[in-house]
Amino acid sequence: MSHKRIPKRKAAIAVGGVAALGAAALLLPHANASQTDAKDATPKTLKSADASSLASLIASQLGDAFGGAYWDGAKQQVIVNVVGNNSNVVNTVEKAGAVPRSVNNSLSTLKTAAKTLKSDATIPGTAWSIDPKTNQVQVTADSTVTGAKWAKLTSTVDSLGSGVATVKKSAGTFKTFVSGGDAIFAQTDAGGVRCSLGFNVTASDGAPAFLTAGHCGVAAKQWSDSQNGQPIATVDQATFPGAGDFSLVKYDDPATQTASEVNVGNGKTVQITQAADATVGQQVLRMGSTTGLHDGSVTGLDATVNFQSETDPNGVDTVTGLIQTDVCAEAGDSGGSLFTQDGSAIGLTSGGSGDCTVGGETFFQPVTAALQATGATLGAGAAGAGDASAAATDPAATDPAATDPAATDPAATDPAATDPAATDPAATDPAASDPAAGDESGTGSGENSTGMDAGSGLVTSTP
């Protein structure tokens, strides 16, 4: 099926009509594990997209004995942290097809620690998330946290008790990244701004719409698909700061049609077939209008980030419920898509520290939470479902770029052997690293882009 609303070179994301899959559907292939004795059960080999559903199922069965879970990419197994020495708990984990691992801290203990940090150490330039690999709350402070602020943060971490949380310094500064996949543009009283369309959705009233970052929706009300062009979409809902960073933006033309894909450069796309929760250890891809296609892994969940307020020098914009990753991003990447090689929509680029030269931490709004909060559904209805279904089986069959470029996962296929653009889109497509090269509507991240105050954080201005 052909979808033609936005020119293909400018269609950041197009998504078919497939809503988030339920845990039961994903776990049915593994249900037979419960019919065997634990001594006969062997860990299941899973795709990363299935790991979250299995972990959620086990968590509901373990209660306070659950200490979190993560995906081991090398072995393609789910590791479940278990508190205590209850053999029945261990048997439950093994029968479900996961690998039990003994730890000291329950997930409820770590969540309580995160609440203490929020109440006692909400300091601009700080962030924290729960890391099941270390079984601790990982606290990060950017370069602005010094002196009394640093002392307050470290004393709060110490008060949580031994082995509950650790704190580290980041060389960069936490900021929002306004821009993303393929660019969308807006005009404000302070000048032009640029963000990225995340994923196309259908609003609860049936109207065609898309998701992007909340601080983009706060920065401007109307958005265009070209620089200085006429608006094509209007913000319906926007959340930032607070419980998330997401916007629902409705297309002005109710007849708008969209496709179920992410444009990854070089004329290639990745079909998006479902929304899924992130899992620590999961390999992910990010597309941004400033920096192109980059990959990495999920490092923490339920993250809280305290951005320095752009409107109040003494204020802080706190955002909760985010995904923490080691994927790089820069100003201009906000709102862009975080997804997996097999077509799962995971997140929307929010902000972080560092850049794609030195690296850093980047945070993402979970797509599943944004869909639930807005009442929207992923995709454009049944008309797009057929287009997405073929790629659900093997997205690489029609798109070599869908193969996971992550070299950090020994189990992953190396796409560079047949397609250098899958690991380095700039190798054959300059627009992937410099969007202005392939799309004259973009500004890239060069001398024409400057930071400015648009009332919602650092944005990228357009000349």
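See the structure shown above.
Before going into details, it helps to say that this report is about the structure given with it.

Rules used in this analysis
- Residues numbered from 1 in each chain as written.
- Predicted model: local features only at pLDDT ≥ 70, side-chain atom pairs only at ≥ 80, totals over all residues.
- Heavy atoms only, no water.
- Phe/Tyr/Trp six-rings, centres within 6.5 Å; stacked < 30°, edge-to-face > 60°.
- Helix = DSSP H or I, 4+ residues; strand = E, 2+ residues; numbered from the N terminus.
- Buried < 20%, exposed > 50% of the residue type's maximum accessible area, 1.4 Å probe, protein only.
- Axes fitted to C-alpha atoms, helices over the stretch in contact; angles between N-to-C directions.
- Parallel < 35°, antiparallel > 145°, perpendicular 65-115°, else oblique.
- Left-handed = near helix turned anticlockwise from the far one by under 90°.
- Contact = heavy atoms within 4.5 Å.
- Nonpolar A, V, L, I, M, F, W, Y, C, P; charged D, E, K, R; others polar.
- Pairing = 2+ DSSP bridges.

### A few points about the packing of aromatic side chains
Two aromatic rings, taken as a pair, are described by how far apart their centres are and by the angle between their planes.
So, step 1. In this structure the tally under the stated criterion is three aromatic pairs.
So, step 2. The interplanar angle of 75° and the centroid separation of 5.8 Å between the aromatic rings of Phe 174 and Phe 363 together place this pair among those described as edge-to-face. Here Phe 174 is found in the loop between strand S7 (165-169) and strand S8 (175-176), whereas its partner Phe 363 is found in strand S26 (residues 362-366), with 189 residues between them in sequence. An identical accessibility class is assigned to Phe 174 and Phe 363; each is buried.
So, step 3. When the centroid spacing of 6.3 Å and the interplanar angle of 45° are considered together, the rings of Phe 240 and Phe 307 count as tilted. Taken together, the residues span a long stretch of sequence, with Phe 240 in the loop between strand S15 (233-239) and strand S16 (246-251) and Phe 307 in strand S21 (residues 292-308) at a distance of 67 residues. Each member of the pair, Phe 240 as well as Phe 307, carries the same accessibility label: buried.

### Some details on the packing of helix H2 (residues 48-62) against helix H3 (residues 87-95)
So, step 1. Where H2 contacts H3, the axes come no closer than 10 Å and their chain directions differ by 160°. Classified by the angle their axes make, H2 and H3 are roughly antiparallel. Relative to H3, H2 is oriented so that their crossing is right-handed. Together, Ile 58, Gln 61 and Leu 62 of H2 and Val 89, Thr 92 and Val 93 of H3 make up the contact between the two elements.
So, step 2. Grouping the amino acids of the contact of H2 with H3 by side-chain chemistry returns four nonpolar, two polar and no charged.

### Focus: the packing of helix H4 (residues 107-120) against helix H5 (residues 147-159)
So, step 1. Where H4 contacts H5, the two axes come as close as 10 Å, and the packing angle between them is 150°. Classed by the angle they form, the pair H4 and H5 counts as roughly antiparallel. In this structure, the crossing between H4 and H5 has a hand that is right-handed. Taking contact as the criterion, the partners of Thr 116, Leu 117 and Asp 120 in H4 are, on H5, Lys 152, Thr 156 and Val 157.
So, step 2. When grouped by side-chain class, the residues that make up the contact of H4 with H5 number two nonpolar, two polar and two charged.

### Some remarks on the sheet that holds strand S14 (residues 222-223)
So, step 1. In space, the six strands of this open sheet follow the order S14-S15-S16-S13-S12-S27, with antiparallel pairing throughout. At either end of the open sheet lies a strand with only one pairing partner, and these are S14 and strand S27 (377-378).
So, step 2. Where strand S12 (residues 199-202) lies against strand S13 (residues 208-212), four bridges are found, and the strand directions are antiparallel. Directly across from Asn 200, in S13, lies its bridge partner Phe 210.
So, step 3. Packed onto the sheet, helix H7 (residues 367-374) meets S12, S13, S15, S16 and S27 and runs at close to 60° relative to S16.

### Notes on the sheet that holds strand S3 (residues 77-83)
So, step 1. Strands sit in the order S2-S3-S4 across an open sheet of three strands; the sheet is mixed. If you trace the sheet from one side to the other, it starts and ends with strand S2 (66-72) and strand S4 (99-103), each paired once. In this sheet, adjacent strand axes meet at a mean angle of 25° when their direction is disregarded.
So, step 2. Of the strand pairs in this sheet, S3 and S4 are connected by five bridges, and their pairing is parallel. Opposite Val 82, over in S4, you have Ser 102 as the bridge partner.
So, step 3. H3 rests against S3 and S4 of the sheet, and its axis sits at about 145° to S4.

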